[in-house]
Amino acid sequence: MEKQKSKDILIVEDSAIQAELLRRLLIQEGYGVSVARNGSEGLKKVKETRPDIIVSDIVMPVMNGYEMCKEIKENHEYGDVPVILLTELRDPGEIIKGIESGADNYVTKPYSSDYLLRRIADLLSRRNGDVKSSEMGGLAVIINDERYEIKSNPQQILNLLLSTYENSIQQNRELLKAQIELKRLNEQLEERVKESTEDLLKNQRYLQALMDNTTAVIYIKDLNGRYKMVNRQFEMLFDVAGLEITDKTDYDIFPGEAASSYIINDRMVLEKTAPLEMEEVFSQKDGLHTYISFKFPLFDSNGKLSGVCGISTDITERKRAELELMRHRNHLEELVEERTGELKKANLQLHREIEERKRIEENHVRLIMDQERTNEELNNLLYILSHDLKTPIRSIGSLADWIKEDHGVSLGEDGMENMDLLISRVRRMYDLLDSIYRYSKVGRVVEKDLAIDISSLIRDITDTLPANEGITVEILQDMPEIVFEKSYIDQIFHNLISNAIKYNDKGSKVIKIGYVEEENFHKFYVSDNGVGIDEKHFERIFKIFQKLDLNDENTSSGMGLPLIKKIIEMYGGRIWVESIIGEGSVFYFTLPKGVKC
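Conventions used here
- Residues numbered from 1 in each chain as written.
- Predicted model: local features only at pLDDT ≥ 70, side-chain atom pairs only at ≥ 80, totals over all residues.
- Heavy atoms only, no water.
- Helix = DSSP H or I, 4+ residues; strand = E, 2+ residues; numbered from the N terminus.
- Buried < 20%, exposed > 50% of the residue type's maximum accessible area, 1.4 Å probe, protein only.
- Pairing = 2+ DSSP bridges.
- Axes fitted to C-alpha atoms, helices over the stretch in contact; angles between N-to-C directions.
- Core = buried A, V, L, I, M, F, W, Y, C linked by side-chain atoms within 4.5 Å.
- Salt bridge = Lys/Arg side-chain N within 4 Å of Asp/Glu carboxyl O.
- Left-handed = near helix turned anticlockwise from the far one by under 90°.
- Contact = heavy atoms within 4.5 Å.
- Nonpolar A, V, L, I, M, F, W, Y, C, P; charged D, E, K, R; others polar.
- Arc of directions from axis to C-beta.
- Polar contact = N/O pair within 3.5 Å; in protein donor to acceptor, adjacent residues only side chain to side chain.
- Patch = residues over 30% accessible without salt bridge, like charges linked within 9 Å, V, L, I, M, F, W, Y side chains within 5 Å.
- Areas by Shrake-Rupley, 256 points an atom, 1.4 Å probe, with all protein chains shown as cover.
- Phe/Tyr/Trp six-rings, centres within 6.5 Å; stacked < 30°, edge-to-face > 60°.
- Lys NZ or Arg CZ within 6 Å of the ring centre and 35° of its normal.

Visitor: I tried to follow the overall build of the chain on my own but got confused; where do I start?
Guide: For the chain, the helix and strand inventory stands at 15 helices and 19 strands. In the chain, buried positions account for 38% of the 597 residues.

Shown next, in the form of structure tokens:
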């Protein structure tokens with residue numbers, strides 16, 4: 001196919017990955033290419049650049065492809081620019097909407113690169129040789145109870161319908177070819193290149209998702225200071241798109257003096273080949289902002305230095321608060337000095353008392369600030385655990401499940417095993433974050449006290465246990481009714497019973513739950529006939545993240561026993577264990593009587 005080296009093509013696509021793949025394809029064919037992220041941005045670029053042809057997705061935010069196409073075709077200045085719409089063609093109404101909007105051609109997804117290039121070349125050829133119709137006919141069409149007003153000329157309608165029909169034929173051909181290719185791939189397992197490419201794209205999507213779901217500014221540059229990747233926060237704050245910033249330097253984006261300082265900091269990281277932390281000032285729409293930047297070197301698979309990554313967090317408000325506090329403190333010191341000078345002649349002892357009081361007040365202010373900062377850091381950590389970290393992890397797990405369901409056959413046995421391993425690791429990480437979050441809530445979140453029947457509570461827990469797995473739960477004594485926060489007492493018994501089952505290697509798992517009434521305490525115990533615990537680990541198991549079984553198959557987070565220990569001790573009780581290796585373990589815990597629990 002002859003390349004149209006002098007033609008300019010505008011891509012309108014909200015998916016950065018799809019836009020980049022199409023951009024590279026067209027550049028390889030010698031076309032000039034520009035990219036817009038939605039129909040509104042596409043209209044703006046049409047007015048500015050007057051491209052020779054437009055290739056647009058249909059479903060986009062702000063303005064979809066139909067709306068953009070219609071506005072282009074109704075404009076006398078650039079209404080002759082051909083428009084190709086990319087669609088999945090799931091409904092006949094889509095064809096009518098395309099005709100109604102004045103589109104020149106449809107290409108259905110997924111499309112063949114050669115077919116798309118032929119459509120582009122054909123439209124460019126027609127545009128150079130055909131004469132525009134001078135009048136537009138009117139036609140009303142009803143599809144699926146919806147009325148469409150078509151004002152395109154007959155030749156344009158015919159061209160669009162023929163392209164749609166040709167698309168259908170092309171899709172059937174592509175489907176047949178794909179079936180033959182799939183059979184060949186199943187017979188020849190050596191072709192691993194495709195799998196590697198898909199894995200690379202998946203990893204890139206995961207990385208981009210993690211980067212885009214944080215409030216920090218994240219960016220990656222090569223050894224020459226050219227940007228290779230930025231996250232969504234960077235794009236929003238500095239009004240650049242990821243594709244537009246690729247291969248640009250700081251001098252292309254920021255003022256000269258500021259850009260020089262960023263480049264100097266990058267070079268320091270590359271020279272030392274070690275992470276560095278520094279303050280940097282960025283100019284944004286609302287003025288200058290101070291960031292704390294953590295920069296570290298990147299290495300390729302051969303261990304060779306390849307670039308630098310930066311993670312910058314906005315500390316402008318904190319800096320402003322510090323400056324304001326300093327201003328107020330300086331003002332206070334000036335007042336104190338003036339007052340001290342007036343009183344010095346009258347009473348030297350009083351002056352000493354004032355200085356001492358000043359020192360105490362400053363210490364008190366500092367302590368309050370330290371406490372507030374600690375509380376703020378804790379709240380930020382809890383927010384990250386419950387939102388910023390759990391949300392992308394949950395998304396990764398969902399994506400992995402979808403990939404396993406949709407592409408299980410092409411992944412093969414090894415691929416399925418790796419996918420199952422990935423899913424289990426994601427779920428374990430999610431459970432660990434959830435356990436840490438619950439651990440941190442103890443003592444901070446107060447629930448309503450309820451009168452709880454312990455026997456009923458235990459029966460509710462055992463009703464959820466897996467059936468037909470040789471599990472027997474016995475309640476040895478009558479259990480009391482106590483006043484307690486329900487979620488906490490449920491957490492205690494649920495964790496102890498679950499551990500008694502999880503760490504039990506016997507075919508018949510027997511769990512016994514008992515109660516001993518003491519003068520000032522309720523004393524409960526949960527025993528099992530499991531693997532037992534060595535005495536030297538009795539204290540270790542109640543510490544966070546400590547697991548005796550380091551087997552990779554173990555899905556425990558190491559937070560269960562520390563969590564219930566924190567709950568019990570918070571209310572004046574205690575928990576301990578007695579165990580014999582190979583025979584089982586007994587966990588005892590006490591709760592005080594007549595004390596708010």
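Visitor: What should I look at first to understand the sheet that holds strand β18 (residues 575-580) in this one?
Guide: What holds strands together in a sheet is hydrogen bonding between their backbones, with the strands either parallel or antiparallel. As summarised here, the arrangement of the five strands in space is β14-β16-β17-β19-β18, forming an open sheet in which the pairing is mixed. The strands lining the two open edges of the sheet, one partner per strand, are β14 (471-475) and β18. Strand after strand, the sheet turns through a mean of 15° between neighbouring axes, direction not considered. Two elements, strand β17 (residues 521-528) and strand β19 (residues 584-592), share seven bridges in a ladder whose sense is antiparallel.

Visitor: I would appreciate a short explanation of the nonpolar core in the present structure.
Guide: Buried together is how nonpolar side chains tend to be arranged in soluble globular proteins. Counting 37 residues, the largest nonpolar core has Ile454, Phe484, Ile489, Phe493 and Phe589 as its most contacted members. Elements supplying a minimum of two residues to this core: α13 (454-462), β15 (481-485), α14 (486-502), β16 (509-517), β17, α15 (560-570), β18 and β19. Element by element, the count of residues in this core is highest for α14, at eight residues. Counting residues in hydrophobic clusters, the runner-up holds 22 residues, among them Leu43, Met60, Met63 and Ile99.

Visitor: So what exactly am I meant to see when it comes to the pattern of salt bridges here?
Guide: If you walk through the whole model with that rule in mind, you get 23 salt bridges. Note that Glu317 and Arg320 form a salt bridge whose closest N and O atoms lie 2.9 Å from each other. Taken together, the residues Glu317 and Arg320, both in helix α11 (residues 316-344) and three residues apart, mark about one turn of the helix. For Glu317, a relative accessible area of 56% translates into the label exposed.

Visitor: I tried to follow the packing of α14 against α15 on my own but got confused; where do I start?
Guide: Working note: a packed helix pair is described by the angle between its axes plus the distance between those axes. Interhelical geometry of α14 versus α15 gives an angle of 145° and a closest axis separation of 10 Å. Judged by the twist between their axes, the crossing of α14 over α15 is left-handed. Contacts between α14 and α15 involve Tyr488, Gln491, Ile492, Asn495, Leu496 and Asn499 from the former and Gly560, Leu561, Leu563, Ile564, Ile567, Ile568 and Met570 from the latter. For the contact of α14 with α15, the class distribution of residues is nine nonpolar, four polar and no charged.

Visitor: Can you walk me through the sheet that holds strand β10 (residues 276-284) in this structure?
Guide: A sheet is described by the order of its strands in space; here five strands give the open sequence β9-β8-β12-β11-β10, paired in antiparallel fashion. The outermost strands of the open sheet, each flanked by one partner alone, are β9 (227-230) and β10. Strand-to-strand twist in this sheet, taken as the mean axis angle between neighbours without regard to direction, amounts to 30°. Where β10 meets strand β11 (residues 287-299), nine bridges bridge the pair, whose relative direction is antiparallel. Looking at β11, one finds that Gln284 is bridged to Gly287. Helix-sheet contacts for helix α10 (residues 256-272) involve β8 (217-222), β10, β11 and β12 (305-314), and the interaxial angle to β10 is about 160°. Packing of α11 onto the sheet brings it into contact with β10, β11 and β12, and relative to β11 it is tilted by some 125°.

Visitor: Please clarify how α15 should be interpreted in this entry.
Guide: Helical periodicity: at 3.6 residues per turn, an α-helix aligns residues three or four positions apart in one direction. The complete set of buried residues in α15 reads Leu561, Pro562, Leu563, Ile564, Ile567 and Ile568. One or two residues past the end of α15 sits Gly572, with phi positive at roughly 90°.

Visitor: I keep staring at the side chain of Glu41 and nothing clicks. Help me out?
Guide: Secondary-structure assignment places Glu41 in helix α2 (residues 39-49). Apart from residues lying up to four places away in sequence, Glu41 is in contact with Val35, Ala36 and Glu244.

Visitor: How should the pairing of β18 be read in this particular structure?
Guide: A regular strand places its side chains on the two faces of the sheet in alternate fashion. Where β18 and β19 come together, six bridges link them in antiparallel fashion. From the neighbouring strand, Val577 faces β19, where its bridge partner is Phe587. Here β18 folds back onto β19 in antiparallel fashion, the turn holding three residues, of which Gly582 has a positive phi close to 85°.

Visitor: Mind showing me how you'd approach the side chain of Ser455 here?
Guide: Summarising the element assignment, Ser455 is placed in helix α13. The contacts of Ser455, once residues within four sequence positions are left out, are Ile475 and Met479.

Visitor: For this particular structure, what's the right way to read helix α3 (residues 65-73)?
Guide: Among the residues of α3, Gly65, Tyr66, Met68, Cys69 and Ile72 are the ones counted as buried. Seen along its axis, α3 keeps its buried residues to an arc of 165°; they face one direction. Its side-chain oxygen placed 3.1 Å from the backbone nitrogen of Tyr66, Asn64 serves as the N-cap of α3.

Visitor: Sorry, what's going on with the pairing of β8 here?
Guide: β8 sits mainly inside the fold: six of its six residues count as buried. Going residue by residue along β8, you find Val217, Tyr219 and Lys221 tucked away on one face and Ile218, Ile220 and Asp222 tucked away on the opposite face as well. In the sheet, β8 pairs with β12 via six bridges, with the strands oriented antiparallel. Of the residues in β12, the one forming a bridge with Lys221 is Val308. With three bridges connecting them, β8 and β9 associate as antiparallel partners. For Ile220, the partnering residue across the bridge sits in β9 and is Met229. With antiparallel pairing between neighbouring strands as the criterion, β8 and β9 make up a hairpin whose turn holds four residues, including Gly225 at a positive phi of roughly 80°.

Visitor: Looking at this structure, I do not really get a nonpolar patch on the surface. What am I missing?
Guide: There is a patch of nonpolar side chains on the surface, built from Leu325, Val365 and Met369 and spanning about 210 Å² of accessible area. Here Leu325 is to be found in helix α11. Take Leu325: its relative accessible area is 31%, and that puts it in the partly exposed class.

Visitor: Explain the packing of aromatic side chains to me, please; I cannot follow it from the model alone.
Guide: Centre-to-centre distance and the angle between the planes together describe a pair of aromatic rings. Evaluation of the coordinates by the stated rule reveals 20 aromatic pairs. Each ring, one from Tyr488 and one from Tyr571, has its centre 6.4 Å from the other, and the planes form 45°; the classification is tilted. Of this pair, Tyr488 sits in helix α14 while Tyr571 sits in the loop between α15 and β18; the two residues are 83 residues apart in sequence, bridging distant segments of the chain. We note that Tyr488, like Tyr571, is buried. Aromatic pair Phe524 and Phe589: ring centres 5.3 Å apart, planes at 25°, arrangement stacked. You can see Phe524 sitting in strand β17 and its partner Phe589 sitting in strand β19, a full 65 residues away along the chain. Like Phe589, Phe524 is buried. What links up through ring pairs into an aromatic cluster is the set Tyr219, Tyr227, Phe234, Phe238, Phe254, Tyr262, Phe282 and Tyr291. The ring of Trp576 has Arg574 sitting right over it, with the charged end atom 3.8 Å from the ring centre.

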